[in-house]
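Single-letter residue listing:
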Amino acid sequence: MTRPPSPEGALIKAIAAIAPGGVRTGCRLIREADETHLTPEETRSIPARQPAMRRASGAARWIAHGLLADIGMSDVAILRAPSGAPVWPHGITGSLAHDDEMAVAAVAPVGRIASLGIDVEPALPLPDDIFAIVSTSADRIGTADRRLAGRILFCAKEAVYKAAYPLDRQVLGYEDIAVDLGAGRATTRTGRKVSLAYCVAPRVVVLAFVDGDDL
């Protein structure tokens, strides 16, 4: 009998299938003691003292360290900037995210891809009160699963913000990002165009990316 893939294995394949060329991705179930994967410099840059947050940060950075090592960048500390964003090595764009159980990361050399954002959420309907905050009349959900459309939209706006902020340095609210899931794109109030790709199983993950040609 063939064993079903693990949650990590299934999500690794699902994210890789939606990632544009040149973008490396990975995921990891958050485990006890994952905070030990933080380098001393990373530990000092992350103010959170809650064990769960530090474990999640350690898990996400553990993934990113491996992705960077794959392209020849070993022993790199991914510090946390005062804005909360990770600080990537020169010539690299990337993004980290986690929910309560799973951490994800994406990295790419700057070039064809100018900036990346990623977000992850459980594949569950978004509560109505949060959907009312996230959604605007400008959003289009296309053929997305209606049960999960709100969750995908939430993930998309989080990922778009992460991709846009390093380029524009503008704080954006949900109302400042218009998402068209069917077209695979989003536009911020600053006029920034961001491409989108997503998967919904075994978790909702959205990749947002700005093409280098769009700068």
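Above this text is the structure in question.
Residue indices begin from 1 for each chain and proceed along its sequence in written order. Side-chain atom pairs in this predicted model are given and counted only at pLDDT of 80 or more, local residue features only at pLDDT of at least 70, and totals for whole chains, interfaces and linings cover all residues. Note: side-chain values were computed over all heavy atoms of the structure, leaving out hydrogens and water.

### Quick word on helix 5 (residues 149–168)
Then, in step 1: To qualify as a helix, a DSSP run of H or I must reach at least 4 residues; to qualify as a strand, a run of E must reach at least 2; elements of each kind are numbered from the N terminus. Take the residue count of a helix, subtract one, and multiply by 1.5 Å to get its expected span. Between its first and last C-alpha atoms helix 5 spans 27 Å; for 20 residues at 1.5 Å apiece the expected length is 28 Å, and the two agree.
Then, in step 2: Judged by how many residues are buried, helix 5 sits mostly within the fold: 14 of 20 residues are covered.
Then, in step 3: Just past helix 5, the residue Arg169 takes up positive phi, approximately 55°. Each residue is placed in one exposure class: buried if its accessible area under a 1.4 Å probe, protein chains only, is under 20% of its type's maximum, exposed if it is over 50%, and partly exposed if it falls in between.

### Some thoughts on the nonpolar core
Then, in step 1: Ranked by size, the top nonpolar core spans 25 residues in total, and within it Ile152, Val160, Val179, Leu196, Val206 and Ala208 carry the most contacts.
Then, in step 2: Those elements that provide at least two residues to this core are helix 5, strand 5 (177–180), strand 7 (193–199) and strand 8 (203–211).
Then, in step 3: Considering each element in turn, this core owes the most residues, 9 residues, to helix 5.
Then, in step 4: Here Ala208 is in contact with Ser115, Leu116, Gly117, Ala159, Val160, Ala163, Val194, Ser195 and Leu196, once residues within four sequence places are set aside.
Then, in step 5: We call a set of buried residues a nonpolar core when its members are Ala, Val, Leu, Ile, Met, Phe, Trp, Tyr or Cys and they connect through side-chain atoms within 4.5 Å of each other. Core analysis: the second largest hydrophobic core is formed by 21 residues, Ala19, Val23, Ala106 and Leu116 among them. The contact criterion used throughout is that any non-hydrogen atoms of two residues lie within 4.5 Å.

### Some words on the sheet that holds strand 6 (residues 185–188)
Then, in step 1: Only strands that DSSP links by at least two bridges are regarded as paired with each other. With antiparallel pairing, 5 strands are arranged side by side in an open sheet as 4-8-7-6-5. Each having just a single partner strand, strand 4 (113–122) and strand 5 make up the two edges of the open sheet. Across the sheet, the mean angle from the axis of one strand to that of its neighbour is 25°, orientation sign disregarded.
Then, in step 2: Alignment of strand 5 against strand 6, held across 4 bridges, turns out to be antiparallel. Along strand 6, the bridge assignment pairs Val179 with Ala186.
Then, in step 3: Sitting on the sheet, helix 5 touches strand 4, strand 5, strand 6, strand 7 and strand 8, and the angle it makes with strand 4 is about 150°. To define axes, lines are fitted to C-alpha atoms, for helices over the stretch in contact only, and angles between the resulting N-to-C directions are given on a 0 to 180 degree scale.

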